[in-house]
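Structural description and commentary
Here are the chains, one letter per residue:
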Amino acid sequence: MLEMGDSWLKRLHPGWASHAGVTAALFGRAGFIGPATSIDGTRGFYATHIGRVPKTEAMPAFELGARWRMLDIALKPYPCCHIIHAFVDAALELRSQFAIEDVERIECPLVQDWHKLIAEPRAECVEPATPYRALFSMQYVVALALLRGHVELADFYDRTLRAPDVNALAHKVWCADDPLSDYPAHFPGELVIHLRTGRVLRCRKPASLGTPENPMSQEALQAKFLANATRVIPADTALQLQEMVMRIDTLPGIDPILALSAAPTTKEQ
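Structural notes, computed from the coordinates. (Residues numbered from 1 in each chain as written. Predicted model: local features only at pLDDT ≥ 70, side-chain atom pairs only at ≥ 80, totals over all residues. Heavy atoms only, no water.)

Quick look at the sheet that holds strand β2 (residues 173-177)
The pairing of strands in a sheet comes from backbone hydrogen bonds and takes either a parallel or an antiparallel form. Read from one edge of the open sheet, four strands run β2-β1-β3-β4, paired in mixed fashion. In this open sheet, the two edge strands, each paired with only one partner strand, are β2 and β4 (200-205). Averaged over all neighbouring strand pairs, the angle between strand axes comes to 20 degrees, with direction disregarded. Where strand β1 (residues 103-110) lies against strand β3 (residues 189-195), four bridges are found, and the strand directions are antiparallel. Paired with isoleucine 106 across the strands is isoleucine 193, a residue of β3. Here helix α3 (residues 85-94) sits on the sheet and contacts β1, β3 and β4; the angle it forms with β4, its principal contact strand, is near 135 degrees. Helix-sheet contacts for helix α7 (residues 138-148) involve β1, β2 and β3, and the interaxial angle to β1 is about 125 degrees. (Pairing = 2+ DSSP bridges. Helix = DSSP H or I, 4+ residues; strand = E, 2+ residues; numbered from the N terminus. Axes fitted to C-alpha atoms, helices over the stretch in contact; angles between N-to-C directions. Contact = heavy atoms within 4.5 Å.)

Laid out in structure tokens, this is it:
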């Protein structure tokens, strides 16, 4: 799962899982017979992935039809690794309280499992050579948030990864262990900023923006959609699509949504 390197795996696997779900539903509708114990059997999903079957109240189908699991989904306000999000939240909260030139050191406490994913190798993280490496770099993203006041797709794909001020600040970001983390229940984040004056600023976020504990506003969610969608479709089309999705429960089908979701093609001259 963690052996990704610079591959396209991270971009593929969520869509591939959705594809598999749709395929399974179509098979079922066609009469295909599958194992009834694929989830909780002795060689099922739980047995092979976590070594035990959870209690009934922890199962996905518990209170099916009464409890809406969709409400438990975490949304990502930033396009980087989700583990880094709470650190971005902390950076955005602290950035107005000091001058960048006064920063001596920035500490980001991490659980042990996260170091190799988003903080190592250190040389590649402080000066990432590819957008993918930057998206999984604690040092780079924290520096970006503190300096620019935002973390968006354009920062990784449209703007240089070699901005001297970002790389210089990334060199001052260090990751230590975090004994206070309640991972995997949450993805907490904390910034401890040491200034040359001896002053220390600290901000800890128990859960990142976009999680059920700290939900995004409807305005922020729509703003992110438009910022992303208008990279591939015209603004007026994106607005139509947004309006249609917001009233999807009133539509007779999703064909109009699919039609608006297609990026325009460029005709060959």
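Points about α3
Most of α3 is tucked away: eight of the ten residues are buried. Those residues of α3 that fall on the buried side of the exposure criterion are His85, Ala86, Phe87, Val88, Asp89, Ala90, Ala91 and Leu94. (Buried < 20%, exposed > 50% of the residue type's maximum accessible area, 1.4 Å probe, protein only.)

As for the packing of helix α10 (residues 218-229) against helix α11 (residues 235-246)
Angle between the axes and distance between the axes: these two values describe a pair of packed helices. Running from amino to carboxyl end, α10 crosses α11 at an angle of 140 degrees, the nearest separation of the two axes being 10 Å. Regarding the angle of α10 to α11, the classification is oblique. The two elements α10 and α11 cross, and the hand of that crossing is right-handed. Counting all contacts with α10, which are made through Gln218, Gln222, Phe225, Leu226 and Ala229, the residues of α11 involved are Ala238, Leu239, Leu241, Gln242 and Met246. (Parallel < 35°, antiparallel > 145°, perpendicular 65-115°, else oblique. Left-handed = near helix turned anticlockwise from the far one by under 90°.)

Section: the nonpolar core
Formed by 47 residues in total, the largest nonpolar core has its most connected members in Ile106, Ile118, Val142, Leu146, Val151, Leu191 and Ile193. Among the secondary structure elements, those contributing two or more residues to this core are α3, β1, α4 (115-118), α6 (131-135), α7, α9 (164-170), β3 and β4. Discounting chain neighbours no more than four positions away, the residues touching isoleucine 118 are Cys81, Ile83, Ile84, Leu110, Cys125, Arg133, Phe136, Ser137, Met138 and Gln139. Ranked by size, the runner-up nonpolar core spans eight residues in total, among them Ala229, Leu251, Ile257 and Leu260. (Core = buried A, V, L, I, M, F, W, Y, C linked by side-chain atoms within 4.5 Å.)

Comments concerning helix α1 (residues 9-29)
Along its 21 residues, α1 runs 30 Å from first to last C-alpha, staying within 8% of the 30 Å computed at 1.5 Å per residue. Where α1 terminates, the next one or two residues include glycine 31, which has phi positive at roughly 100 degrees. (Expected span 1.5 Å × (residues − 1).)

Quick word on the packing of aromatic side chains
Within the structure shown, the criterion is met by seven aromatic pairs. The interplanar angle of 50 degrees and the centroid separation of 6.5 Å between the aromatic rings of tyrosine 140 and phenylalanine 156 together place this pair among those described as tilted. One end of the pair, tyrosine 140, is in helix α7; the other, phenylalanine 156, is in helix α8 (residues 153-157), with 16 residues separating them in the sequence. Accessibility assignment for this pair places tyrosine 140 and phenylalanine 156 in one class, buried. Above the ring of tryptophan 174, the side-chain terminus of arginine 122 is found at 3.4 Å from the ring centroid. (Phe/Tyr/Trp six-rings, centres within 6.5 Å; stacked < 30°, edge-to-face > 60°. Lys NZ or Arg CZ within 6 Å of the ring centre and 35° of its normal.)

What about unusual backbone geometry?
With an omega of -10 degrees, the peptide bond between glutamate 120 and proline 121 qualifies as cis. Here proline 121 is to be found in the loop between α4 and α5 (122-126). Cis peptide bonds are those with omega within 30 degrees of zero, and the linkage from tyrosine 183 to proline 184 qualifies with 15 degrees. Following the sequence through the fold, proline 184 ends up in the loop between β2 and β3. Residues other than glycine seldom take positive phi values, yet glutamate 63 does so here, at roughly 60 degrees. By the element assignment, glutamate 63 lies in the loop between α2 (45-49) and α3.

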